Amino acid sequence: GEIGPQGPRGEEGPTSHPAVLFVSYAETNYSGTMSIQESKMIPMDNDIFYLPNNTDVTVMQEGTYEITLCGIISGVTISSGGIFLLNDETGKVIQDLSFNLPAGNTSVVNFSEVVITDLKASTTLSVRCGITGDQSTSGIKFTCVNLIIKKFKM
């Protein structure tokens, strides 16, 4: 058939998502909530993501989100292991975004996972890491930990 007239151009931002957040975390070798080293929001002015401090990410709009969490656990020994995870303000792990390298023969592992999940408005997220086993002699390091969150248009 014949090609119809071109419709009006919609107002689209720099991505196909209403907002995207990238957060990298500072390398650490102790158990606790990881500190944000660097962050980038696209667009910079949005009402979806808020960083209230140097550890937390607040998702301000209810919706469906794609979340990617990745990082490296190294320095694992026979007597100590490591874990890092993404949790909400209640301590609940977001879907299965938890990576555990138990004490044993493998000393370093790169982890990455992508999930699609529904989040409520005003959900505060943080990345926590922990050392399992003998912490006094541990050489565990958590490095290259990055979080990417993309909101889907509905």
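The structure contained in this document is the topic of the report that follows. (Residues numbered from 1 in each chain as written. Predicted model: local features only at pLDDT ≥ 70, side-chain atom pairs only at ≥ 80, totals over all residues. Heavy atoms only, no water.)

1. Some details on unusual backbone geometry
And then number 1: For the bond from Ile42 to Pro43, the omega torsion is -10°, close enough to zero to count as cis.
And then number 2: Of note in the backbone geometry, Ser122 takes a positive phi value of approximately 60° without being a glycine.
And then number 3: Within the fold, Ser122 resides in the loop between β9 (108–119) and β10 (123–133).
And then number 4: For Cys144, which is not glycine, the phi dihedral falls at a positive 55°.
And then number 5: Among the secondary structure elements, Cys144 is positioned in strand β11 (residues 141–151). (Helix = DSSP H or I, 4+ residues; strand = E, 2+ residues; numbered from the N terminus.)

2. A closer look at the sheet that holds β9
And then number 1: Spatial ordering of the open sheet is given by β3-β1-β11-β6-β9, a layout of five strands whose pairing is antiparallel. The open sheet is flanked by β3 (36–42) and β9, the only strands paired with a single partner. Each neighbouring strand pair of the sheet contributes to a mean axis angle of 10°, computed without reference to strand direction.
And then number 2: Sheet analysis places strand β1 (residues 20–25) next to β3, joined by six bridges and oriented antiparallel. The partner of Leu21 across the bridge, within β3, is Met41. (Pairing = 2+ DSSP bridges. Axes fitted to C-alpha atoms, helices over the stretch in contact; angles between N-to-C directions.)

3. Let's talk about the nonpolar core
Most often, soluble globular proteins keep nonpolar side chains buried together rather than apart.
And then number 1: Judged by nonpolar contacts, the single largest core of 33 residues is most densely connected at Tyr25, Ile67, Leu69, Phe84, Leu86, Leu147 and Ile149.
And then number 2: Among the elements of the structure, β1, β5 (56–59), β6 (63–74), β7 (80–88), β8 (93–101), β9, β10 and β11 are those that each provide at least two residues to this core. (Core = buried A, V, L, I, M, F, W, Y, C linked by side-chain atoms within 4.5 Å. Buried < 20%, exposed > 50% of the residue type's maximum accessible area, 1.4 Å probe, protein only.)

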